[in-house]
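Geometric and topological summary
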Amino acid sequence: DSLGKIIRIIDYKTGKAEEKELKIEDWDNIRTESVLAKSFQLLTYAFLYQKNNPTITDNIISGIITFRALSAGLKTVKINNNEILNTDVLKDFEHQLHQLIEDIFNPLLPFAKTSLLENCEFCAFKGICNR
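Let me sum up the structure you'll find in this document. (Residues numbered from 1 in each chain as written. Predicted model: local features only at pLDDT ≥ 70, side-chain atom pairs only at ≥ 80, totals over all residues. Heavy atoms only, no water.)

On any regular strand, side chains alternate: one points to one face of the sheet, the next to the other face. Relative to strand E2 (residues 6-13), strand E1 (residues 2-3) runs antiparallel, the two sharing two bridges. In the strand pairing of E2, Ser 2 is matched with Ile 7. Linking two consecutive strands that pair antiparallel, namely E1 and E2, is a turn of two residues; a positive phi of about 65 degrees is found at Gly 4 within it. Bridging between E2 and strand E4 (residues 60-66) involves seven bridges; their strand directions are parallel. Across the sheet, Tyr 12 pairs through a bridge with Ile 65, a residue of E4. (Pairing = 2+ DSSP bridges. Helix = DSSP H or I, 4+ residues; strand = E, 2+ residues; numbered from the N terminus.)

Taking 1.5 Å as the rise per residue, helix H2 (residues 37-52) with 16 residues should run 22 Å; its terminal C-alpha atoms sit 23 Å apart, in good agreement. Within H2, the full set of buried residues consists of Lys 38, Ser 39, Phe 40, Leu 42, Leu 43, Thr 44, Ala 46, Phe 47 and Gln 50. At its buried positions, H2 is contacted by E2, strand E3 (23-24), helix H1 (29-32), E4, strand E6 (78-79) and helix H3 (87-105). (Expected span 1.5 Å × (residues − 1). Buried < 20%, exposed > 50% of the residue type's maximum accessible area, 1.4 Å probe, protein only. Contact = heavy atoms within 4.5 Å.)

A few words on the packing of H2 against H3. What describes two packed helices is the angle between their axes and the distance between those same axes. At a minimum axis separation of 10 Å, H2 and H3 run at an interaxial angle of 115 degrees. With respect to H3, the element H2 is oriented roughly perpendicular. Along this stretch, H2 crosses H3, giving a crossing that reads as left-handed. Contacts between H2 and H3 involve Phe 40, Leu 43, Thr 44, Ala 46, Phe 47, Gln 50 and Lys 51 on the former and, on the latter, Thr 87, Leu 90, Phe 93, Glu 94, Leu 97 and Leu 100. Residues that form the contact of H2 with H3 fall into these classes: eight nonpolar, three polar and two charged. (Axes fitted to C-alpha atoms, helices over the stretch in contact; angles between N-to-C directions. Parallel < 35°, antiparallel > 145°, perpendicular 65-115°, else oblique. Left-handed = near helix turned anticlockwise from the far one by under 90°. Nonpolar A, V, L, I, M, F, W, Y, C, P; charged D, E, K, R; others polar.)

Within this structure, the stated rule accounts for three aromatic pairs. Their ring planes at 65 degrees and their centres at 5.3 Å tell us that Phe 40 and Phe 93 sit as a pair that is edge-to-face. Taken together, the positions of Phe 40 in helix H2 and Phe 93 in helix H3 put the pair 53 residues apart, joining distant regions of the chain. With centroids separated by 6.1 Å and ring planes inclined at 65 degrees, the aromatic side chains of Phe 47 and Phe 93 adopt a geometry described as edge-to-face. Placement of the pair is Phe 47 in helix H2 and Phe 93 in helix H3, with a sequence separation of 46 residues. Residue class for Phe 47 comes out buried when judged on its relative accessible area of 10%. Overall, the relative accessible area of 0% leaves Phe 93 in the buried class. Pairwise contacts between aromatic rings join Phe 40, Phe 47 and Phe 93 into one cluster. (Phe/Tyr/Trp six-rings, centres within 6.5 Å; stacked < 30°, edge-to-face > 60°.)

See the structure below:
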């Protein structure tokens, strides 16, 4: 939607969303820290929106409205405490996206089960790896 001159990309969730899941201080963490999965998702939406609307360059925000805390309103992803996702920020995200895809297709980096069993507790795929 839009609010004034700001384009808001909103993901409505039935679960909770915590501030730590939406705060990025180091770009490399977006690919390695599972706690930032929601941020990755929101940045993907913003990136795709901006690619399809190239004239919109500096007034995008992306966030979550959770039905568990409607009164909290829109919780936005923040890069270094800034919620505006301009083209520079989205180019930085695109670089991380490219790096992730390169890692996925790199035959020298095999897929492996996590050594942190607590990560498996809510994993949708734990039945596949028998965890």
